[in-house]
Amino acid sequence: MGQVPETAKRTQSRFGRGVIVIALLVAVVVGGRFLQGRFDPAVAARAPDCLELSDEGLSYTNTCDAEINFRYCFTTTPGTGLQNCETIALAPDEASHSLFEEYRAASADGIHEYACEAPYLPVRIQSYTDRHVDIDACRLDQDDQ
C-alpha cells in the first residue's frame with residue numbers, strides 16, 4: 001500500500017527527461033539569439049518582416065515598433081540585377097511614398113525590398129558560402145561595404 005508501480009516510475013522518468021530536453025532546446029535557442037545580438041548586432045538588426053505592402057499605390061508601411069531603414073530596388077526583364085535602388089527611413093506605422101511612378105518609369109517587372117532596424121542600413125553582400133550569390137544584410141553607415 002502506498003507503493004508506486006514500476007511502470008509508473010518509468011513513465012515519470014521518461015516524462016522528466018522529456019521536459020529537461022525541451023527546456024534545454026528552449027535555452028539554446030533563446031541563448032543563441034541573445035549571443036548573436038551581442039556578437040553580431042547587424043544580424044539581429046534584420047527586419048524584413050516589418051514591411052507590409054499596401055493594397056493600392058505600391059507603398060510599404062513599417063509595422064514594427066522601431067524605426068527601420070527600408071531599401072527598395074526595381075528589377076527588369078531580362079534579369080539585369082537590381083536597379084534604381086533607394087533607401088528611406090520609416091518610423092513605426094509610417095508609410096513610404098507611392099513607388100508606382102518610379103516603377104513605371106524604370107519599366108520594372110518587380111520590386112526587391114529589404115529592411116533593417118535603424119541605425120543599420122540594408123545592403124547586398126556576397127554570400128559567405130557561394131561567391132556567385134548576393135544576399136541581403138545590414139551594416140552600420142560607417143562600415144565598409
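Right, let's walk through the structure included here.

Some points on the overall build of the chain
If you tally the helices and strands in the chain, you get three helices and seven strands. Moving toward the C terminus, one meets the helices and strands of the chain in the order α-α-β-β-β-β-α-β-β-β. Within the chain, counting contacts between residues at least 6 apart in sequence, those at least 24 apart form 54% of the total. When the accessible surface of the chain is totalled, it reaches about 10200 Å², and 54% of it is carbon and sulfur.

Examining the nonpolar core
Formed by 13 residues in total, the largest nonpolar core has its most connected members in Leu-51, Tyr-60, Ile-68, Phe-70, Tyr-72 and Phe-74. For this core, the element with the highest residue contribution is strand S3 (residues 68-75), accounting for four residues. Beyond its immediate chain neighbours, meaning those up to four positions away, Tyr-72 contacts Asn-84, Cys-85, Glu-86, His-97, Leu-99, Glu-102, Ile-111, His-112 and Glu-113. Formed by six residues, the second largest nonpolar core is a distinct cluster that contains Ala-45, Cys-116, Tyr-120 and Cys-138.

Section: the packing of aromatic side chains
One pass over the full model with this rule turns up four aromatic pairs. Summarising the aromatic geometry, the rings of Phe-74 and Tyr-103 are spaced 5.9 Å apart at their centres and angled 70 degrees between planes, so their arrangement reads as edge-to-face. Residue Phe-74 is found in strand S3, and its partner Tyr-103 is found in helix H3 (residues 100-105); the two are separated by 29 residues along the sequence. An aromatic cluster of three or more residues is present, and its members are Tyr-60, Phe-70, Tyr-72, Phe-74 and Tyr-103.

Things to note about the environment of Arg-71
Along the polypeptide, Arg-71 turns up in strand S3. Between the C-alpha atoms of Arg-71 and Pro-122, which are 51 residues apart in sequence, the distance is 6.2 Å. The contacts of Arg-71, once residues within four sequence positions are left out, are Cys-85, Glu-86, Thr-87, His-112, Glu-113, Tyr-114, Pro-122, Val-123 and Arg-124.

Some words on the sheet that holds strand S5 (residues 110-117)
Picture the strands of a sheet paired through backbone hydrogen bonds; they go either parallel or antiparallel. Taken together, three strands build an open sheet; the order of strands is S4-S3-S5 and the sheet is antiparallel. Only two strands of the sheet have a single partner each, and these edge strands are strand S4 (82-90) and S5. On average, each strand axis in the sheet is inclined to that of its neighbour by 20 degrees, with strand direction left out of account.

What to know about the pattern of salt bridges
Inspection of the entire model under this criterion finds two salt bridges. The partner of Glu-101 in a salt bridge is Arg-104, with the nearest N and O atoms 2.9 Å apart. Of this pair, Glu-101 and Arg-104 both sit in helix H3, three residues apart, which is roughly one turn of that helix. Note on Arg-104: relative accessible area 52%, which makes it exposed. Here Arg-124 makes a salt bridge to Asp-136, at a shortest N to O gap of 3.2 Å. Note that Arg-124 is positioned in strand S6 (residues 121-126) and Asp-136 in strand S7 (residues 134-139), a separation of twelve residues in sequence. Note on Asp-136: relative accessible area 17%, which makes it buried.

Basis of the calculations
Residues numbered from 1 in each chain as written. Predicted model: local features only at pLDDT ≥ 70, side-chain atom pairs only at ≥ 80, totals over all residues. Heavy atoms only, no water. Helix = DSSP H or I, 4+ residues; strand = E, 2+ residues; numbered from the N terminus. Contact = heavy atoms within 4.5 Å. Areas by Shrake-Rupley, 256 points an atom, 1.4 Å probe, with all protein chains shown as cover. Core = buried A, V, L, I, M, F, W, Y, C linked by side-chain atoms within 4.5 Å. Buried < 20%, exposed > 50% of the residue type's maximum accessible area, 1.4 Å probe, protein only. Phe/Tyr/Trp six-rings, centres within 6.5 Å; stacked < 30°, edge-to-face > 60°. Pairing = 2+ DSSP bridges. Axes fitted to C-alpha atoms, helices over the stretch in contact; angles between N-to-C directions. Salt bridge = Lys/Arg side-chain N within 4 Å of Asp/Glu carboxyl O.

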